[in-house]
Amino acid sequence: MDCSSARNLLPLYFDGELDRAASREFEAHLDTCADCRAALIELDALRRTLRSELPRSAAPQALRDRIQAQVRAPGAVRARASRTRWLALAASWALAFVAGGLLLPPWQSQRGPGGEQIERDLFASHWRALAAASPVDVVSTDRHTVKPWFAGKVAQAPVVQDFAEQGFALVGGRLDYVGSERVPVLVYRHGQHLIDVFVLGTPEQTAAAVQRQGYSLDFVTLGGQVTAIVTDMDATELEHFARLLSAAK
């Protein structure tokens, strides 16, 4: 992809309107093009400026009444929730890469073919979750609620344990994509730190343990499945959590 094509796609990417294949091609170009990265940053800065500095006027009461009537209509709640979630996802994609994902230096860890894309997907997913309205699709501290929620959505539901007594509380779970595969993600919290646990199964390629911009990526085995941990906890806390996860059955 050249800069001319990338500039045409930039607004679509920023609004979350590109499909997965086109997004990846665009992101690959951004990795090597400082000018297009700068253009993305400028677009994000413009949006923030418009939101914060433009004058705002109250909507007429008649308009408010019409909107409220539509919201109360049958099916409107579900449609509104779906649209809100989609807009949050689109915005968080841009934030994830503007805030650090695409401004990082080239990956330097040792990896096999495909490892770079796995690293990119794992970090980007974690950053999207941090930027989203909620980092989970199912909110529950009960492992007996979270595990069945994955049934039918992925090939194998993951082992789910709550480590609240050890300081790592289960928050819930969500679905995300790593490579071309849809994978379950278990979400934990330790103090102010959010922990994403991606249950990858047995992929042919995995990335090496790395640390970028204060965020760590490490791999353990959970119930016989390869699992990636992404968090901003320090090394000691991460090691403790990884031991708990590895011992879970």
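The structure we're discussing is the one just above.
The notes below deal with the structure included here. Predicted model, so just to flag it, every value in this text is computed and none were measured.

1. Things to note about the pattern of salt bridges
Evaluated as defined, the whole model comprises 4 salt bridges. In this structure, the salt-bridge partner of D176 is R128, at a minimum N-O distance of 2.8 Å. Pair noted here: D176 is in strand 2 (residues 169-178) and R128 is in helix 6 (residues 115-131), with a separation of 48 residues, a long-range link. With respect to class, D176 is no different from R128; both count as buried. Ionic pairing is found between D176 and R174, a salt bridge with its closest N-O pair at 3.5 Å. The same class applies to D176 and to R174, which are both buried. Ionic contacts of the salt-bridge type, sharing partners, join the residues R128, R174, D176 and D196 into one network.

2. Notes on helix 7 (residues 143-150)
Near the N-terminus of helix 7, the side chain that reaches the backbone nitrogen of H144, with its oxygen 2.9 Å away, is that of D142. Phi turns positive one or two residues past the end of helix 7, at G152, with a value near 85°.

3. Let's talk about the nonpolar core
Ranked by size, the top nonpolar core spans 24 residues in total, and within it F163, L186, Y188, I195, I229, F241 and L245 carry the most contacts. Contributing elements (two or more residues each) for this core: helix 7, strand 2, strand 3 (181-190), strand 4 (193-201), strand 6 (215-222) and helix 8 (235-247). Here this core takes 5 residues from helix 8, the largest share from any one element. The residues touching F163, leaving out its near neighbours within four places in the chain, are F168, A169, Y188, F241, L244, L245 and A248.

Criteria and thresholds
Residues numbered from 1 in each chain as written. Predicted model: local features only at pLDDT ≥ 70, side-chain atom pairs only at ≥ 80, totals over all residues. Heavy atoms only, no water. Salt bridge = Lys/Arg side-chain N within 4 Å of Asp/Glu carboxyl O. Helix = DSSP H or I, 4+ residues; strand = E, 2+ residues; numbered from the N terminus. Buried < 20%, exposed > 50% of the residue type's maximum accessible area, 1.4 Å probe, protein only. Polar contact = N/O pair within 3.5 Å; in protein donor to acceptor, adjacent residues only side chain to side chain. Core = buried A, V, L, I, M, F, W, Y, C linked by side-chain atoms within 4.5 Å. Contact = heavy atoms within 4.5 Å.

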